[in-house]
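Structure assessment
Letter by letter, the chains look like this.
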Protein chains: 2
Amino acid sequence: MAEVTLYHWEPNANSGKPMLALAEKGVAFDSHYLDLLNFDQHDPDYLKINPAGTIPAMTHGSRMLTESTAMMEYVDETFPGPKLMPADPVDRWRVRWWMKFMDQWLAPSFSMLGWSEFIGPAVRSRDPDVLKARIERIPMEERRVAWRKAIYNQFSEEELAESRRRCAIGTAMLEDELSKRAWIGSNDYSLADANGFNLAYIIPLGQPHLANDEKTPHLMEWLRKIYERPATQEIWTLSRVERMRTRVKFLAREAA
Amino acid sequence: MAEVTLYHWEPNANSGKPMLALAEKGVAFDSHYLDLLNFDQHDPDYLKINPAGTIPAMTHGSRMLTESTAMMEYVDETFPGPKLMPADPVDRWRVRWWMKFMDQWLAPSFSMLGWSEFIGPAVRSRDPDVLKARIERIPMEERRVAWRKAIYNQFSEEELAESRRRCAIGTAMLEDELSKRAWIGSNDYSLADANGFNLAYIIPLGQPHLANDEKTPHLMEWLRKIYERPATQEIWTLSRVERMRTRVKFLAREAA
């Protein structure tokens, strides 16, 4: 049994953040997969570990940690292995600036579109009474509201338009930043790259008019470079949703 | 001329975060006060410094930094003086967990109530054509939307109720956490205390049913302890809004 147990869904978005950080550091962890589409994260057994019913969560010895970005900094500061934060204070500020932007601005927009287009439809066909019961047991009121919106398709056209607007702006900002240097926050791979990859790999798939080789060449190169890293390859072996595991492969460079 | 210039409004909320961090570290800075109620932050001269038109912003030599939480970590890591982040990784994680919760969950709710009850009414009496022109020059679309809502009182009852619900939960969480230790994130004063004070000092004033000596004694003691710190006293001398400068004094302990 490893010292670290990670409770996670697919190796993307928030779950993918500590997964990538641990894999990059070379830290072995016990993987505890929770099926978000089956609402496993609100199961009474899991609520004993994380009463908020959010994923990811990580236990390290007797300590339980939540919040994926703070968790990544913890992983970087606690374990040996390559440093995933730069040493220079300005670079560190830039990494944190981007993570804040990703978490607070980009992720909610990407997530609304993802819930509207994938997660909602994926669970909507379930037995209505089961769905109702599953929603009722969600501990946090705002998560109940979010799930209801996704399941019953209650996002307003105004909300979706605002999310699409933010995705477009965010994509352009990523491309602009990546035209300045090889990685998003500094000259070396950092937590901001791990954070950003998990959000951004879906853009060329879901919104190919925003991100493609002609329009956003630096973003595409950055995604491919991160995808081919051993840590990224390693965490994607933990994917159990076939559609996701298959689709991410568009980032593989063709054999010469 | 100091090496650091800080562009800020009142010594509370986001502006107060780097102000407190700099003052706690003993770093001299040139104070550049921007009147939020006069929309100074969208003035063309300021947009040359920070094109996003947000406050606070800080220049350190030739470097311009934004985003108040990342800026506080930069201040702590760059300048000598007392450490405002704990050394232990779990404590560091807890400080960051709280700052994330404050920035993403508490601050938007507090801010909506503050805009609805103070900032909106404070600017609403201006010449309508001037207001319209001031809104039009705001660089970020979502800030234009937020200002329109505040000025024309367009927050829905549902939005306000949700903000009040979050304030109540957040206040109870702060009280619970402060019953465990003297400071919010670790056993020593940290950036989380600076961040939290700037948000929470207004609760006993604006929502006395949520925070008072009977219901939240630990929160009240924590606010008073932070208020009497020399750094807090120092930054409040920079306040120019009489109502704010006067009201915060409720935290002064009565002379024996």
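Residues numbered from 1 in each chain as written. Chains lettered and ligands numbered in written order. Predicted model: local features only at pLDDT ≥ 70, side-chain atom pairs only at ≥ 80, totals over all residues. Heavy atoms only, no water.

**Observations regarding the sheet that holds strand 3 (residues 57-60) of chain B**
Residue and element names in this part refer to chain B. What the four strands build is an open sheet, ordered 2-1-3-4; its pairing is mixed. The outermost strands of the open sheet, each flanked by one partner alone, are strand 2 (29-33) and strand 4 (63-65). Taken over all neighbouring pairs, the strand axes of this sheet differ in orientation by 20 degrees on average, direction set aside. Of the pairings in the sheet, the one linking strand 1 (residues 4-8) to strand 2 comprises five bridges and is parallel in character. Across the sheet, the residue bridging to Tyr7 is His32, located in strand 2. In the packing of helix 1 (residues 13-25) onto the sheet, the strands contacted are strand 1, strand 2 and strand 3, and the crossing angle to strand 1 comes to about 150 degrees. Lying over the sheet, helix 3 (residues 68-78) contacts strand 1, strand 3 and strand 4, oriented at roughly 25 degrees with respect to strand 3. (Pairing = 2+ DSSP bridges. Helix = DSSP H or I, 4+ residues; strand = E, 2+ residues; numbered from the N terminus. Axes fitted to C-alpha atoms, helices over the stretch in contact; angles between N-to-C directions. Contact = heavy atoms within 4.5 Å.)

**Re the nonpolar core**
In terms of nonpolar packing, the biggest core is built from 170 residues, with Trp9 of chain A together with Trp9 of chain B touching the most fellow members. Residues in contact with Trp9 of chain A, not counting those within four places in the same chain, are Ser15, Met19, Tyr33, Leu34, Asp35, Leu36, Leu37, Ile55, Phe118, Ile119, Val241 and Met244 of chain A. (Core = buried A, V, L, I, M, F, W, Y, C linked by side-chain atoms within 4.5 Å. Buried < 20%, exposed > 50% of the residue type's maximum accessible area, 1.4 Å probe, protein only.)

**Remarks on the relation of the copies chain A and chain B**
Once chain A is rotated about the relating axis by 180 degrees and shifted along it by 0.0 Å, it coincides with chain B to within an RMSD of 0.0 Å. Here the symmetry operator amounts to a two-fold rotation axis. Taking the C-alpha atom as reference, chain A places Gln104 of chain A closest to the rotation axis, 3.4 Å from it. Take the interface residues of chain A: 100% of them recur as interface residues in chain B, which is what a same-surface contact looks like. (Least-squares fit on C-alpha atoms with pLDDT ≥ 70 in both.)

**Regarding the side chain of Ser68 of chain B**
All names here are of chain B. Considering the arrangement of structural elements, one finds Ser68 in helix 3. A polar side-chain atom of Ser68 sits 2.9 Å from a polar atom in the side chain of Lys17. Those residues within four positions of Ser68 in sequence are excluded, and the remaining contacts are Asn14, Lys17, Pro18 and Pro56. (Polar contact = N/O pair within 3.5 Å; in protein donor to acceptor, adjacent residues only side chain to side chain.)

**Brief notes about the pattern of salt bridges**
With the rule as written, the count across this model stands at 46 salt bridges over all chains. With a closest N to O distance of 3.1 Å, Lys180 of chain A and Glu177 of chain A form a salt bridge. A residue is classified by how much of its surface remains accessible, and Lys180 of chain A, at 54% relative accessible area, is exposed. We classify Glu177 of chain A as buried; its relative accessible area is 9%. For Arg96 of chain B, the salt bridge is made with Glu73 of chain B, and the minimal N-O distance between the two is 2.9 Å. Remark: Glu73 of chain B occurs in helix 3 and Arg96 of chain B occurs in helix 4 (residues 89-124); sequence separation between them is 23 residues. Of the two residues, Arg96 of chain B and Glu73 of chain B, neither departs from the other in class, the shared state being buried. Here the salt bridges share partners, and the residues they tie into one network are Glu73, Glu77, Arg92 and Arg96 of chain A together with Glu73, Glu77, Arg92 and Arg96 of chain B. (Salt bridge = Lys/Arg side-chain N within 4 Å of Asp/Glu carboxyl O.)

**Describing helix 1 of chain B**
Residue and element names in this part refer to chain B. Along its 13 residues, helix 1 runs 19 Å from first to last C-alpha, staying within 8% of the 18 Å computed at 1.5 Å per residue. Of all 13 residues making up helix 1, eleven are buried, and the element is well covered by its neighbours. Taken together, the buried positions of helix 1 are Ser15, Gly16, Lys17, Pro18, Met19, Leu20, Ala21, Leu22, Ala23, Glu24 and Lys25. (Expected span 1.5 Å × (residues − 1).)

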